[in-house]
Amino acid sequence: MDGAINDRSISNYRGAAVDSASLCERSCYENLGVEQKMASEIKVEIIHKETIKPSSPTPHHLANSKLSIFDQITPEIYVPLLLFYPSNKSDDEFDHHSLFSERSHLLKTSLSEALTHFYAFAGEFEYNISISCNDHGAGFIESQVSCPISKVLEKPDFGILKQLIPTAIESKQAEAGHLLLVQVNLFECGGLTIGVSISHKVADASTLSTFIKSWAAIALGLASTTDRVLLPTEFGVASTLFPPQDFFNSSQPTVEFAIENCVTKRIVFDASKIAALKSKATSDTVPNPTRVEAVSALIWKCAMQASRSNLGYIKPSVWCQVVNMRTRSGLSLTENILGNFVWYFAATTIESELDFKSLVAKFRKGIEEYKEKYPNGVTGEDAFQFIKESGNLLAKDHVETYSCSSWCRFPFYEANFGWGKPSWVSIRSIEFKNTIMLMDMSDGVGIEACLTFKEEDMVLIESNEDLLAYASLV
């Protein structure tokens, strides 16, 4: 591979790889007294912990799964997911604790079988080189919550939600103990939530979605031990097509990021508002805007207005959108690839006037330029060149960079383990400054956005009249 890359460039890129934004040490809970009060009123008590191992030992020839270059450039953080299952009327006929015990047992036995297929999730991360598929197992936690599930659903509170997932987003494997952890939470009413934390080193949103779908199918009895949900060779496809690079294996200097006060908020665009926003976004340039394009452009506009107002001057602005390459690589082998297989396209503006339709057009232009530049998907060489040319740029503050990941259209709301589909699926924003996470609402049309911005910017964003015309703060 031609060219050279310095440690600082690699270091800066690795810290910003997923979000293309500076890491932010969030002080949300200290600043929001209401959340502290609610969190103190609701107690989440851990009552049991154990390790779940694969139901069948991983064959010797699968004992080591190499990382791809896309796994290597992914930060070592944990991706959180929460599935909420309110109690049914029929559940009232049974003792809640006995029913919880039965359901927890089903989750554990089906998880054990699922880990036979997703064997890398039960392994251990070896520094940026591979996963040792040694059947170390997944963490499994049971807890009880001192309130009915409706109290959390009516007014979701980040202070409570973070107690319902097994480990903090910023955890390392050494702290979490496992690459995959599950926490099942029983509420007073008999409802439960399944909290999942998975190392980003082994899974992106698509891989997590595939795992949840397969795990639920096993729990429902739709997949037996003789009918594999996924061939285990799928774990090796990415590293074969996109081999790891030696320059990511050496020890890198610690990246120091500016400490800033950031706040995370949820906003909801219901189906009717989505339709109105898409109508407003329509232009001759983009006659058929998608709901993600429309929502992203509006959030981008409001964020830029807030930033420019607080700074007192105009910064060039870049919106980086995560792209799932499985359907864009042009290679049939990548359609069901496991691990991390995402890249980014960028929309840029330096204009002083922020017109909503023009931002939608810039968004569409960004994806079209991505398709033109990478008609067969991003290669390892492309990734290397990007790091070499842009690694330092991402860490500089003369550009305001926003990073968005859309989980829309992944079938998390179909996750039925035997007691119905979830009423709410919650994802948490990766706790970096200027990060936006988009998720379907239960109707598959509306969008829930999880935003993390500097506190002074968030104050202006959440009071922006353009935003409030289409979204509700929750």
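Preceding this paragraph is the structure being described.
It should be emphasised that the depicted structure is a prediction, and the values quoted were computed from it without experimental measurement.

A. Up close: the overall build of the chain. When you go through the chain residue by residue, the secondary structure sums to 16 helices and 16 strands. The proportion of buried residues among the 474 residues of the chain is 58%. A separation threshold of at least 6 residues defines the contact pool for the chain, and within that pool the share at least 24 residues apart is 81%. Of the roughly 19700 Å² of accessible surface on the chain, 50% is carried by carbon and sulfur atoms.

B. Here's a closer look at the side chain of D457. One can find D457 in helix α15 (residues 455–461). Buried and unpaired, D457 has K454 as its nearest opposite-charge partner, separated by 4.5 Å. Aside from chain neighbours lying at most four places away, what touches D457 is A306, S307 and N310.

C. Representation of unusual backbone geometry within the structure. The backbone of N128 shows a phi angle near 50°, a positive value even though the residue is not glycine. The buried category is assigned to N128, whose relative accessible area is 1%. Unusually for a residue other than glycine, N434 sits at a positive phi of about 60°. In this fold, N434 is placed in the loop between β13 (424–427) and β14 (435–440). Relative accessible area serves as the criterion here: at 2%, N434 is assigned to the buried category.

D. View of the sheet that holds strand β7 (residues 180–187). Strand order in this open sheet of six strands is β1-β6-β7-β8-β3-β13, and the pairing throughout is mixed. Because the sheet does not close on itself, it has two edges, and the strands there are β1 (44–52) and β13. With direction set aside, neighbouring strand axes in the sheet form an average angle of 15°. Most of the contacts of helix α5 (residues 96–117) go to strand β6 (residues 138–145), to which it runs at about 165°, and overall it touches β1, β6, β7 and β8 (192–199).

E. Focus on the nonpolar core. One finds I194, W215, W407 and F417 to be the most contacted residues of the largest nonpolar core, which totals 71 residues. The residue makeup of this core includes at least three contributed by each of domain 1 (40–248) and domain 2 (262–473). Excluding residues within four positions of it along the chain, W407 makes contact with V79, P80, L81, A205, L208, F412, I427, M437, L438, M439 and D440. The next biggest cluster of nonpolar side chains, apart from the first, holds 62 residues, and it includes I69, C404, A449 and A471.

F. Summary view of the packing of aromatic side chains. Counting across every chain of the model gives 21 aromatic pairs. Measuring from ring centre to ring centre gives 6.1 Å for Y85 and W419, while their planes differ by 80°; the resulting arrangement is edge-to-face. Here W419 lies in the loop between β12 (400–406) and β13 and Y85 lies in strand β3 (residues 78–85), a separation of 334 residues in the sequence. Accessibility classification places Y85 together with W419 in one group, the buried group. Here the aromatic rings of F121 and F211 are separated by 5.3 Å at their centres, their planes lie at 75°, and the arrangement is edge-to-face. Taken as a pair, F121 in the loop between α5 and β4 (124–126) and F211 in helix α9 (residues 205–219) lie far apart in primary sequence, 90 residues in all.

G. Inspection of the pairing of β7 at higher detail. Counted residue by residue, β7 has eight buried out of eight residues, so it is predominantly covered. The pairing of β6 with β7 spans seven bridges and is parallel. Counterpart to V145 in the pairing with β7 is F187. The sheet contact formed by β7 and β8 spans seven bridges and is antiparallel. By the bridge assignment for β8, L186 is matched with L192. Between the antiparallel neighbours β7 and β8 lie four residues, among them G190 with a positive phi of about 100°.

H. Quick look at the sheet that holds β4. Pairing within the open sheet is antiparallel, and its three strands lie in the order β2-β5-β4. Both outer strands of the open sheet, β2 (64–66) and β4, are each paired with one neighbouring strand and no more. Between one strand axis and the next, the sheet turns by 25° as a mean value, whatever way the strands run. The sheet contact formed by β4 and strand β5 (residues 130–132) spans three bridges and is antiparallel. Among the inter-strand pairings, E126 is bridged to a residue of β5, identified as S130.

The rules behind the values
- Residues numbered from 1 in each chain as written.
- Predicted model: local features only at pLDDT ≥ 70, side-chain atom pairs only at ≥ 80, totals over all residues.
- Heavy atoms only, no water.
- Helix = DSSP H or I, 4+ residues; strand = E, 2+ residues; numbered from the N terminus.
- Buried < 20%, exposed > 50% of the residue type's maximum accessible area, 1.4 Å probe, protein only.
- Contact = heavy atoms within 4.5 Å.
- Areas by Shrake-Rupley, 256 points an atom, 1.4 Å probe, with all protein chains shown as cover.
- Lys, Arg positive; Asp, Glu negative; His and termini not counted.
- Salt bridge = Lys/Arg side-chain N within 4 Å of Asp/Glu carboxyl O.
- Pairing = 2+ DSSP bridges.
- Axes fitted to C-alpha atoms, helices over the stretch in contact; angles between N-to-C directions.
- Core = buried A, V, L, I, M, F, W, Y, C linked by side-chain atoms within 4.5 Å.
- Domains from an automatic or database assignment.
- Phe/Tyr/Trp six-rings, centres within 6.5 Å; stacked < 30°, edge-to-face > 60°.

All we've got here are geometric facts, nothing functional implied.
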